[in-house]
Amino acid sequence: MSLAEVQRAEDVAHRLFEAIERGDRAAVAQLWADDVAVWHAGDARDNDRTRALKVIDWFIGATPVRRYEVLDRQFFDGGFVQQHILHATGRDGAVIALRVCIVIKVGTDGLIHRIDEYFDPKDIAPLFT
């Protein structure tokens, strides 16, 4: 894996998580390829770009406060894997600390082409009450 590939993936990682923290849906959308496939724990199948952006919209709308605590980030040829705790506060004051492992594949175009996100769905349940 070249230094340029690592830097490209690292740039995408920073831009993605900072955009979500800021609630900047447009910035998230700019990082995703048109054919991005997104899978979350509990999903029966991959989500296409439109459906995945609806999930981002819901999450940003449901949580006025979001912060990522990155525990580890490792790069591989074509992307990265990250472990983090997503801290968020819901509109009704519910607080979550969601432990996540996420695998993101970044193309040579600098766009995200695949996301696989692993977490325990029960840990996000307080946002649905």
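If you check an unreviewed UniProt entry, the chain appears there as Ketosteroid isomerase from Mycolicibacterium setense.

Visitor: Explain the nonpolar core to me, please; I cannot follow it from the model alone.
Guide: One recurring pattern in soluble globular proteins: nonpolar side chains tend to sit buried together. Grouped together as the largest cluster of nonpolar side chains are 36 residues, with contacts concentrated most on Leu-16, Phe-17, Val-28, Trp-32, Ile-104 and Ile-112. Only helix 1 (3-22), helix 2 (25-31), strand 1 (32-40), helix 3 (49-62), strand 3 (79-89), strand 4 (95-106) and strand 5 (112-118) provide two or more residues apiece to this core. Apart from the residues lying within four places of it in its own chain, the contact partners of Leu-16 are Val-28, Leu-31, Trp-32, Ile-104 and Ile-112.

Visitor: Whenever I open this one, helix 3 confuses me. Can you help?
Guide: With 14 residues, helix 3 extends 20 Å between its outermost C-alpha atoms, agreeing within 8% with the 20 Å of an ideal straight helix rising 1.5 Å per residue. Looking at helix 3, one finds that the buried residues are Ala-52, Leu-53, Ile-56, Phe-59, Ile-60 and Ala-62. In this fold, the buried residues of helix 3 make contact with helix 1, helix 2, strand 1, strand 2 (65-76) and strand 3.

Reading the values: rules and limits
- Residues numbered from 1 in each chain as written.
- Predicted model: local features only at pLDDT ≥ 70, side-chain atom pairs only at ≥ 80, totals over all residues.
- Heavy atoms only, no water.
- Core = buried A, V, L, I, M, F, W, Y, C linked by side-chain atoms within 4.5 Å.
- Buried < 20%, exposed > 50% of the residue type's maximum accessible area, 1.4 Å probe, protein only.
- Helix = DSSP H or I, 4+ residues; strand = E, 2+ residues; numbered from the N terminus.
- Contact = heavy atoms within 4.5 Å.
- Expected span 1.5 Å × (residues − 1).

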